[in-house]
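# Fold and geometry: a report
Spelled out, the chains give:
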Amino acid sequence: MENKISKIVSLTKRRGFIFPSSEIYGGFGSSYDFGPLGVEMKRNLKQIWWQEMINNHDNIVGLDAAILMNPKVWQASGHLTAGFADELVECKECKKRFKPEEVKDNKCPECGGKLTKPRKFNLMMKTFVGPVEDNASTAYLRAETCQGIYMNFENVLNSMRLKIPFGIAQIGKAFRNEINPKNFIFRTREFEQMEMQWFCHPKQANKWFNFWKKERINWYLSLGIPQKDLRAIEIPAKRRAHYAQRQVDIEYRFPFGWGEIEGIHNRGDWDLSNHSKHSGKDLKYFNQESKEKYFPNIIETSVGVERSLFAFLVNAYQEIKGGRTKTTKAVKEAEVVLKIHKKLAPIKVAILPLVKNKPKIVKKAKEIYKTLKPHFICLYDQVGSIGRRYRRIDETGVLLAVTVDFQTLEDKTVTLRDRDTMKQERIKIKDLVKVLKEKLES
Ligand code: ATP
């Protein structure tokens, strides 16, 4: 099964989804860059989530807060103290750090040196703001996007004249000095989060928690993750994040085991009450009708963009033994199809002239490409045999292929091929935009 991951790593590099960062210098820790296809898929994922939160639910508004914030934010939120830390042992010789469960006989797994006792290492990424590098200029790259939401709780409440319950959604980068980044893009030091914070009355917190848990599970199912590969785990108190009164992790069955892709937390009044205490500003909510004043409870849904994208990629990856497309040479090796959900697929339509040495066919194919391009993310490909090209686009997850052939020149029709069913049908060129839209939006 681990093999599947290496195949996906290699496919995503070969086909322009994900590249190791700064590769010519040997890469950098666990940093990855998203290539032309990766960036389209990521944009689709974020857009679908945004639409789900903002358009499909009532009373949720968006926000885009700064990454750098006053360091007091992180003091108040508990992220600078022991709560947000990994317990690690350090090798006294090579200084490398490991999780206690990774070592045997108190010896460094790398150099055999002696290890220190377990100590807490904070995960916040430090930087300096301004020209002087001293304690006074220390700032932190945010470890979770939601603190920017809490900082703007009052601004949003007042400017948008909202009433509880309401939500604030945000997508953005977060940084954690993970000691053990691993499993490709599953655990990295720089990643993106899609977080929605739902502010509600404390007495309603559990009801809303259950509501959001259900909504979020359904979201993954609606995007093609099968029920058998998805589970929601109730986290016991001793394993919960330091701010959480209740926590459910939504996990996906990766080839290396179950892994969290989204956390749902009841943060109680942890954040707003601590920020009130530390800032001196009263962040309680006042209900005009009942005259009740209280700290709202916060139900948070927090998705990792790269982690969930990874789950969608793993779910899409299929190998078909013996091949499924006709080529001139018999296909002996397995054919790969990336059956990415149509809303997520980076390229929707490929335009393929049947042969490249017939100028009339090539000209027509280029014309069609130009007509379709403003409507869909398209790809034009004339290199190699048609069978080879079908295999290439299947491996890239392209949903539909428009093939221009000899018949096109006679009756102004093209062949439309479906990635998943491989069914081919003839469509009039003048109907193409309409037909493609229907297929992609149905
Ligand atoms: P883990 O236990 O795996 O470290 P977490 O419980 O600390 O994750 P949360 O703080 O709940 O994670 O963050 C919400 C989501 O952000 C996670 O479900 C995950 O999808 C994503 N995430 C967290 N840390 C990372 C990371 N280092 N790399 C990529 N994604 C991450």
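Residues numbered from 1 in each chain as written. Predicted model: local features only at pLDDT ≥ 70, side-chain atom pairs only at ≥ 80, totals over all residues. Heavy atoms only, no water.

Attention shifts here to the pattern of salt bridges. For the structure shown, the criterion picks out 30 salt bridges. In this structure, the salt-bridge partner of Glu395 is Arg14, at a minimum N-O distance of 2.7 Å. In this pair, Glu395 is assigned in helix H10 (residues 386–396) and Arg14 in helix H1 (residues 2–14), connecting sequence segments 381 residues apart. Overall, the relative accessible area of 11% leaves Glu395 in the buried class. Linking Glu110 and Lys96 is a salt bridge whose minimum nitrogen-to-oxygen distance equals 2.9 Å. Placement of the pair is Glu110 in the loop between strand E5 (97–98) and strand E6 (119–122) and Lys96 in the loop between strand E4 (85–90) and E5, with a sequence separation of 14 residues. (Salt bridge = Lys/Arg side-chain N within 4 Å of Asp/Glu carboxyl O. Helix = DSSP H or I, 4+ residues; strand = E, 2+ residues; numbered from the N terminus. Buried < 20%, exposed > 50% of the residue type's maximum accessible area, 1.4 Å probe, protein only.)

Segmenting the chain into domains produces domain 1 (2–69 + 133–313) and domain 2 (347–441). Taking only C-alpha atoms, the centre of domain 1 and the centre of domain 2 are 38 Å apart. Each partner contributes residues to the interface: domain 1 has seven residues there, and domain 2 has six residues. Area buried by domain 1 at its contact with domain 2 is led by Arg15, Leu37 and Glu40, which between them contribute 65% of it. The interface formed by domain 1 and domain 2 contains two salt bridges. Arg15 serves as the salt-bridge partner of Glu395, at 2.6 Å between the closest nitrogen and oxygen. Taken together, domain 1 and domain 2 are joined by two residue pairs in polar contact (both at pLDDT 80 or more). (Domains from an automatic or database assignment. Contact = heavy atoms within 4.5 Å. Buried area = accessible area lost by both parts, 1.4 Å probe. Polar contact = N/O pair within 3.5 Å; in protein donor to acceptor, adjacent residues only side chain to side chain.)

Counting 80 residues, the largest nonpolar core has Phe17, Trp49, Tyr220, Ile299, Ile340, Leu372 and Val402 as its most contacted members. At eight residues, helix H8 (residues 305–316) tops the list of elements feeding residues into this core. Residue-level mapping places this core at the junction of two domains, with at least three residues from each of domain 1 (2–69 + 133–313) and domain 2 (347–441). Ala65, Cys146, Tyr150 and Leu157 belong to the second largest nonpolar core, which has 20 residues in total. (Core = buried A, V, L, I, M, F, W, Y, C linked by side-chain atoms within 4.5 Å.)

Inspection of the secondary structure assignment puts Tyr25 in the loop between strand E1 (18–20) and strand E2 (32–34). By relative accessible area, which is 71% here, Tyr25 ends up exposed. Sequence separation of Tyr25 and Leu162 is 137 residues, and the distance between their C-alpha atoms is 50 Å.

Glancing now at the sheet that holds E4. Strands belonging to one sheet form pairs held by backbone hydrogen bonds; the direction of such a pair is parallel or antiparallel. Within the open sheet, the three strands sit side by side as E5-E4-E6. Their pairing is antiparallel. Looking at strand neighbours, the two that pair on one side only are E5 and E6, the edges of this open sheet. Bridge count for E4 against E5 is two bridges, and the pairing is antiparallel. Residue pairing across strands places Val89 opposite Phe98, the latter belonging to E5. (Pairing = 2+ DSSP bridges.)

Attention now moves to H8. Here H8 spans 16 Å end to end across 12 residues, near enough to the 16 Å set by a 1.5 Å rise per residue. Most of H8 is tucked away, with 11 of its 12 residues classed as buried. Of the residues making up H8, those classed as buried are Val305, Glu306, Arg307, Ser308, Leu309, Phe310, Ala311, Phe312, Leu313, Val314 and Ala316. (Expected span 1.5 Å × (residues − 1).)

What follows deals with the sheet that holds strand E13 (residues 257–268). Across the sheet, seven strands lie side by side as E3-E9-E10-E16-E13-E12-E11; this open sheet has mixed pairing. Looking at the sheet topology across the chains shown, the edges are occupied by strand E3 (60–62) and strand E11 (230–234). Between one strand axis and the next, the sheet turns through 25 degrees on average, direction left out of account. With nine bridges connecting them, strand E12 (residues 246–254) and E13 associate as antiparallel partners. Residue pairing in the sheet places Arg246 in a bridge with Asn266 of E13. Across the face of the sheet, helix H2 (residues 36–55) comes into contact with E3, strand E9 (166–175), strand E10 (190–200) and strand E16 (297–304) while running at roughly 160 degrees to E9. (Axes fitted to C-alpha atoms, helices over the stretch in contact; angles between N-to-C directions.)

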